[in-house]
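Structural description and commentary
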Amino acid sequence: MPVGTAGSVKGIHQQELLNDINAPIILGNTYHLYLRPGLDTIRGAGGLHRFMNWDRSILTDSGGYQVFSLAANRELKPEGAWFRSHIDGSKHLFTPENIVDIQRIIGADIIMAFDECTPWPCDLKYAKSSLDLTHSWLDRGLEQFATTEPLYDHNQAFFPIVQGSVFKDLRKESAEFVAEKGAVGNAIGGLSVGEPADEMYAMLEVVNSILPEDKPRYLMGVGTPVNILVAISLGVDMFDCVMPTRNGRNGMLFTRHGIINIKNRKWMDDFSPIDTDGHSYVDMQYSKAYLRHLIISGEMLGAQIASLHNLAFYLWLVRKAFEEIRSGTFTAWKEKMIPALSTRL
RNA sequence: GGGGAGAUACCAAAGUGGCCAACUGGGGUAGACUGUAAAUCUACUGUCGUACGACUUCGGAGGUUCGAAUCCUUCUCUCCCCA
């Protein structure tokens, strides 16, 4: 199995973190797997377990999110998406086919389909035409995946992505379209792009009533600790998000007791450990006051410590959720946790 | 001892009669960040009030003027050059 990092400092630290706490994880800001929350029972990760080592895997994204986030620098065509490089202005065509090829080359254990992540708000007409495009791209990606081979000595999985904005009918249509493909895992995209959380939850309910229960359901780009617990309760198994690292770099620490903005003056003279309940070596090693000083001073070490803390917290959160599910106490635990997680310390 | 320059809000630094409660940085305070062009971005930052606004500010004192951070007099302090 490949040891997955994106080659970044971030990735390396995550790897160290993994060695440290031995948690199931997919690298690249993706944390955890295989849950069966709705029924409070454990589920294996479907066919994936047959060839995947969850401790050492790579998940790569397709660039579909960049179709959304870099909208100003791209042009959408039926054949694919043209991106203009912000570095030298050169143009590059991303297609459902070459995106599969690229992820094959990287050696990703999980390859994501190329899709359009629709913005929010988004009118029904646009969402519908976008969904049609995403579906046609999905068929092309699946075809490319089926007609090519892994380049290395491990298998690769291809995850389709459900879209449909915040429209239940479209989400239903998309989930059915995706489920029909019989992939070893399925993803839910196009959420947490600005819509109210309740709308996201409503979409998850619709989609998860259709996506197969015995295959991982991967909610892309989510989210806050509360978002994750709610999504787990709605049947999601797998997440990824920039939040622990980006928000960490900007001074936000997530803990089981609530959220700390370490830049706040109130922590200036607080020399207690960052998190006495934490699971990363940084938590007892450094004080809040010191971390605050590092972040405020713009020291890279501060961003690293905060990121490590947050990643460890996120991993603890999903592992704990896993244990609570296993012992049949997830729902009660979740209800108790949500108010704490939302608290501003 | 002689000559010159300068003193602006927490710091630095614009402004050189009305558009100045005073540009811009920094600092400070708070907020945002959800499949990472993001070690980023936003707001506020004299006092009181939610706000229209009111009141006190540009080294000190005095003066000119309808009106002064800006002009005049004087005092205090700082820096530079020559002895």
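The structure reproduced in this document is the subject of the present report. Counting restarts for each chain: residues are numbered from 1 in the order of the written sequence. Ligands are numbered from 1 and chains lettered from A, in the order in which they are written. Per-residue local features are limited, in this predicted model, to residues with pLDDT of at least 70; the limit for side-chain atom pairs, both in listing and counting, is 80 or more; totals at the level of whole chains, interfaces and linings are taken over all residues. Only hydrogens and water are set aside when side-chain values are computed; all heavy atoms of the structure are taken into account.

Here we look at the overall build of chain A
- In this text, helices come from DSSP runs of H or I with a minimum length of four residues, and strands from runs of E with a minimum of two, each type numbered from the N-terminal end. In terms of helices and strands, chain A carries 12 helices and 12 strands.
- Exposed residues in this analysis have more than 50% of their type's maximum accessible area, buried residues have under 20%, and partly exposed residues fall in between, with area computed by a 1.4 Å probe over protein chains only. Counting over 345 residues, chain A shows a buried share of 53%.
- For this analysis, residues touch if any pair of their heavy atoms sits within 4.5 Å. Long-range contacts, defined here as pairs at least 24 residues apart, represent 68% of the contacts in chain A between residues at least 6 apart.

Some details on empty space enclosed by the protein
- Each cavity reported here is a set of points on a 1 Å grid over the protein atoms alone in which a 1.4 Å probe fits but cannot get out, each pocket an open set with protein on both sides within 12 Å along at least five of seven lines, and each lining residue one with an atom within 4 Å of a point. Grid points are joined across faces, edges and corners, and a volume is the space filled by probe spheres set on the points. Going through the model one piece at a time under the given rule, you end up with 1 cavity of 30 Å³ or more.
- Around the largest cavity, the lining residues are Arg 256, Asp 275, Asp 277, Gly 278, His 279, Asp 283, His 309, Ala 312, Phe 313 and Trp 316.
- Take the lining of the largest cavity: its biggest share by element is 4 residues, from helix α11 (residues 300–326).
- Under the convention adopted here, Pro, Cys and the residues Ala, Val, Leu, Ile, Met, Phe, Trp and Tyr are nonpolar, Asp, Glu, Lys and Arg are charged, and Gly plus all remaining residues are polar. Here the residues of the lining of the largest cavity are counted per class, giving 3 nonpolar, 3 polar and 4 charged.

Regarding the protein's contact with RNA strand B
- In the vicinity of RNA strand B there are 39 residues, among which Asn 73, His 86, Cys 117, Val 242 and Thr 245 approach most closely.
- A molecule or strand has a residue near it when one of that residue's heavy atoms lies within 4 Å. The sugar-phosphate share of atoms of RNA strand B within 4 Å of the protein amounts to 46%.
- Under this definition, polar contacts are N or O atom pairs within 3.5 Å; protein pairs additionally need one hydrogen-donor-capable and one acceptor-capable atom, and for neighbouring residues in sequence, both atoms have to be side-chain atoms. Note that a sugar or linking oxygen of RNA strand B is positioned 2.5 Å from one of the side-chain N or O atoms of Ser 192.
- Between RNA strand B and Gly 221, the relevant distance is 2.3 Å, taken from a sugar or linking oxygen to a main-chain nitrogen or oxygen of the residue.
- Of all the elements in the fold, those that place two or more residues in the surface near RNA strand B are α2 (64–69), α8 (243–249) and α10 (288–296).

Some remarks on the pattern of salt bridges
- Within this document, salt bridges are pairs made up of a side-chain nitrogen of Lys or Arg and a carboxyl oxygen of Asp or Glu, the two lying within 4 Å of each other. Here the structure, examined in full by the defined rule, presents 8 salt bridges.
- Here Glu 173 and Lys 128 are joined by a salt bridge, their closest N and O atoms 3.0 Å apart. In this pair, Glu 173 sits in helix α5 (residues 168–179) while Lys 128 sits in helix α4 (residues 124–146), placing the two residues 45 residues apart along the sequence.
- Looking at Glu 173, the relative accessible area reads 29%, which means it is partly exposed.

Regarding the packing of α5 against helix α6 (residues 197–208)
- Only the contacting stretch of a helix is used when fitting its axis, a line to C-alpha atoms as for every element, and angles between N-to-C directions run 0 to 180 degrees. Between α5 and α6, the least distance of the axes is 9 Å, while the angle of their chain directions is 35°. Handedness of the α5/α6 crossing: right-handed. Facing Lys 168, Arg 171, Lys 172 and Ala 175 of α5, the residues of α6 in contact are Ala 202, Met 203, Val 206 and Val 207.
- Counted by class, the contact of α5 with α6 contains 5 nonpolar, no polar and 3 charged residues. Here a crossing is called left-handed whenever its near helix is offset anticlockwise from the far helix by less than a right angle, and right-handed whenever the offset is clockwise.

What about the packing of aromatic side chains?
- The pairing test for Phe, Tyr and Trp rings, Trp by its six-membered ring, is centres within 6.5 Å, and the orientation test on the planes gives stacked under 30 degrees, edge-to-face over 60, and tilted for anything in between. Counted by the stated rule, this structure contains 10 aromatic pairs.
- On the numbers, 4.8 Å between centres and 10° between planes, the contact of Phe 114 with Trp 137 is stacked. Of this pair, Phe 114 sits in the loop between β5 (110–112) and α4 while Trp 137 sits in helix α4, placing them 23 residues apart in sequence. Accessibility classification places Phe 114 together with Trp 137 in one group, the buried group.
- Each ring, one from Tyr 286 and one from Tyr 290, has its centre 5.9 Å from the other, and the planes form 25°; the classification is stacked.
- Residue classification places Tyr 286 among the partly exposed positions, given a relative accessible area of 22%.
- Among the aromatic residues, ring-to-ring pairing joins Phe 254, Phe 313, Tyr 314 and Trp 316 into one connected group.

What about the pairing of strand β11 (residues 252–255)?
- Side chains Met 252 and Phe 254 project from β11 onto one buried face, and the interleaved Leu 253 and Thr 255 project onto a second face that is buried too.
- By the bridge criterion, 4 bridges tie β11 to strand β12 (residues 258–261) in an arrangement that is antiparallel. The residue bridging Thr 255 from the neighbouring strand is Gly 258, located in β12.
- In this scheme, strands are said to pair when DSSP sees at least two bridges between them. From the end of β11 to the start of β12, which pair antiparallel, there are 2 residues.

Things to note about the environment of Lys 128
- Here Lys 128 falls in the partly exposed class, since its relative accessible area comes to 31%.
- It is 7.0 Å that separates the C-alpha atoms of Lys 128 and Leu 170, two residues lying 42 residues apart in sequence.
- Ignoring sequence-local partners within four residues, the contact set of Lys 128 consists of Leu 170 and Glu 173.
- Within polar-contact distance, the side chain of Lys 128 engages the side chain of Glu 173 at 3.0 Å.

Quick word on the layout of surface pockets
- Taken as a whole, the second largest pocket spans an internal volume of roughly 240 Å³.
- Gly 63, Gln 66, Leu 70, Asn 73, Phe 83, Arg 84, Ser 85, His 86, Ile 87, His 92 and Phe 94 are the residues that line the second largest pocket.
- When residues of the lining of the second largest pocket are traced back to their parent elements, those giving at least two are β3 (80–84) and β4 (91–94).

Regarding unusual backbone geometry
- Note that the residue after Trp 120, namely Pro 121, is joined by a cis bond; omega there is 0°.
- Here the residue pair Val 222 and Gly 223 is connected by a cis peptide bond, since its omega of 0° sits within 30 degrees of zero.
- Inspection of the secondary structure puts Gly 223 in the loop between β9 (217–219) and α7 (225–233).
- Although it is not a glycine, Ser 192 adopts a positive phi angle of roughly 55°.
- In this structure, Ser 192 sits in the loop between β8 (186–188) and α6.

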